[in-house]
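Descriptive structure summary
Spelled out from the first residue to the last, the chains are:
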Amino acid sequence: MDKIKKICCIGAGYVGGPTMAVIALKCPNIIVNVLDINKDKINKWNSNDLDDLPVYEPGLSEIIKKVRDKNLFFSCDIEKGISDAEMIFLAVNTPTKKYGEGKGMAIDLKYVEDSARLIAKFSKESKIVVEKSTLPVRTAEAIEKILKSENPSVKFEVISNPEFLAEGTAIKDLFKSDRVLIGGHKTIRGAEAVNALVEIYSNWIPNEKIITTNVWSSELSKLVSNAFLAQRISSINSISALCESTGADIDEVSKAVGKDKRIGPEFLNASVGFGGSCFQKDILSLVYLCKYYNLREVASYWEAVIKINNYQRNRFSKKIIQSLFGSVSEKKICILGWSFKKNTNDSRESSAIVVSNNLLENGAEIHIYDPKVEKERIVSDMNEYWLNQNIKTGLINEYLSRIKILKNSKDAAKGASAVCVLTEWEEFITIDWKLIYKSMKRPAWIFDGRNILNGEFLKNLGFEIYQIGK
Ligand code: NAD
Ligand code: UGA
């Protein structure tokens, strides 16, 4: 097979944008077209103002500046993008189903199916289709079926290449991946397709880090990787509750446990709970898959990871209410941090959404500040959350009237009874806490949902402080 010279990616989101930018940078001989149906998003990717890109990631705008309009292009012309490409990456969203069979658990494959139909429609010559989205095992089979039945005259080879980047460190992760996983069918054409993709990655990833497997192992390994990572967080969070009852300190326990090489120190930071668009949806997808294959015990084992995450978020909210003499009604509570982790503008499934809802339900007024998440996004996160919970419009409007979004921590904390740190942004460690203390009601509480603050220092300033597992 000749070397691949033209690729495209359907989906210009948190995965499609950064991964394609890095491929374009590392493979100057490949033309990379990133396609999306969302015009606003494509306009933002093409914007001259590099602070206005739809995805905030450290290091991303520098790459875009170097390669955009040289060998990296963002466009809504899906027909041309597909018909020109030899290899097509699918990086569309795969949310949890909100309706019908599998509601609240299974993955909604609508966007994947739509994309497969577009590929079939606009392809005139043979194509390699690469699953980059995270998908339930055997989705490749469904994609193949659509492609073959819609366009029997063209040969398609579907391979799996799940993405392991984490938001906030996406560029670093893409430059130095722990591994690149490529799954293909054990046929001559399957092997050729896998090799074509291996060749692309070989431009910057050492060969020993490129793992090839069959398609189903590749699809499943992605779900399992996320499940294992989330399981570690729920494990440590469950122990944080025990620490609070016994006088043990979760950071000390985590350090001691993580020193065991077999366990390792990563992903053992206790927190208000994990967020992000993927952990919950991917575990739910795994659970659904287990139930589908009638593996009830396996399903409930993984379901527990999500139960503990919900428990931790609610436990944190209850702690705030209890500490403020059993009621937050008409009290001002400041929320510092809305994104689900630092260094991203992504707030999907952020724990801040659940904690804010719990506080609003209890009558609080909440004042929010985040360095990167836009005001509109915060409001739409809450709206979406309430609509999913079937909350009536009247009540939603009443809740919204008790939310204020401010431009800095100082303004958000003014007159508050408590400050909740829900994202580990560096600036929350270094802000002038003395000044914040002066502007707050007494007793002035800090609820550190990330254990990033120096508790002793803050106590000395006069604060009451709650940290997870302490
Ligand atoms: P996203 O929502 O940021 O981006 C998906 C994009 O696909 C959207 O811009 C949407 O408009 C576009 N799209 C949907 N249907 C389309 C169609 N028919 N034609 C053209 N464009 C279409 O999602 P994301 O966070 O980039 O995630 C994409 C996939 O990657 C998911 O399966 C996710 O589980 C997986 N993943 C995400 C991350 C992450 O950090 N976000 C990491 C690894 C894997
Ligand atoms: C995660 C995985 O780390 C990626 O490998 C994967 O590709 C991605 O999901 C995906 O499939 O979408 P991401 O969700 O971007 O990446 O970020 P993480 O660093 O994993 O953090 C997830 C959540 O867990 C955040 O809310 C974070 O604050 C929380 N977390 C993380 C903890 O509470 N404690 C920890 O020790 C680590």
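This text follows the structure it describes.
Thresholds, definitions, all that
- Residues numbered from 1 in each chain as written.
- Chains lettered and ligands numbered in written order.
- Predicted model: local features only at pLDDT ≥ 70, side-chain atom pairs only at ≥ 80, totals over all residues.
- Heavy atoms only, no water.
- Near = heavy atom within 4 Å.
- Polar contact = N/O pair within 3.5 Å; in protein donor to acceptor, adjacent residues only side chain to side chain.
- Areas by Shrake-Rupley, 256 points an atom, 1.4 Å probe, with all protein chains shown as cover.
- Helix = DSSP H or I, 4+ residues; strand = E, 2+ residues; numbered from the N terminus.
- Nonpolar A, V, L, I, M, F, W, Y, C, P; charged D, E, K, R; others polar.
- Buried < 20%, exposed > 50% of the residue type's maximum accessible area, 1.4 Å probe, protein only.
- Pairing = 2+ DSSP bridges.
- 1 Å grid on protein atoms, 1.4 Å probe; cavity = no way out; pocket = protein on both sides within 12 Å on 5 of 7 lines; lining within 4 Å.
- Points joined across faces, edges and corners; volume = space filled by probe spheres on them.
- Contact = heavy atoms within 4.5 Å.

1. Structural notes on the site of ligand 1
Contacts to ligand 1 come from 27 residues, most closely from Asp36, Lys41, Thr94, Glu167 and Lys281. Interatomic distance of 2.6 Å between a side-chain N/O atom of Thr94 and an oxygen atom of ligand 1. Note that an oxygen atom of ligand 1 is positioned 2.9 Å from one of the backbone N or O atoms of Thr134. Protein contacts shield 93% of the accessible area of ligand 1, which totals 830 Å² for the unbound molecule. No other element matches the four residues that helix 5 (residues 110-122) contributes to the shell around ligand 1. Its residues assigned to classes, the shell around ligand 1 shows 11 nonpolar, eight polar and eight charged.

2. Looking at the pairing of strand 3 (residues 72-75)
In strand 3, alternate side chains face the same way, and those of Leu72 and Phe74 are buried while those of Phe73 and Ser75 on the opposite face are not. Of the strand pairs in this sheet, strand 2 (residues 31-35) and strand 3 are connected by four bridges, and their pairing is parallel. What sits directly across from Val32, in strand 3, is Leu72.

3. Some remarks on the layout of surface pockets
The gaps left among the atoms become clear once a water-sized probe is rolled over them. Reported here for the second largest pocket is a volume of approximately 450 Å³. As for the second largest pocket, its lining consists of 18 residues, of which Leu109, Pro136, Val137, Tyr288 and Leu289 are closest to the centre. Elements with a contribution of two residues or more to the lining of the second largest pocket: helix 6 (139-150) and helix 11 (279-292). The class makeup of the residues in the lining of the second largest pocket is 10 nonpolar, two polar and six charged.

4. Some points on helix 13 (residues 351-361)
Among the 11 residues that make up helix 13, 10 are buried, leaving the element largely enclosed by the rest of the structure. Burial in helix 13 covers these residues: Ser351, Ala352, Ile353, Val354, Val355, Ser356, Asn357, Asn358, Leu359 and Leu360. Looking at the buried positions of helix 13, the neighbouring elements they touch are helix 12 (296-323), strand 9 (332-336), strand 10 (365-369), helix 14 (375-388), helix 15 (393-400) and strand 11 (403-405). Of the residues flanking the end of helix 13, it is Gly363, one or two places downstream, whose phi is positive at about 95°.

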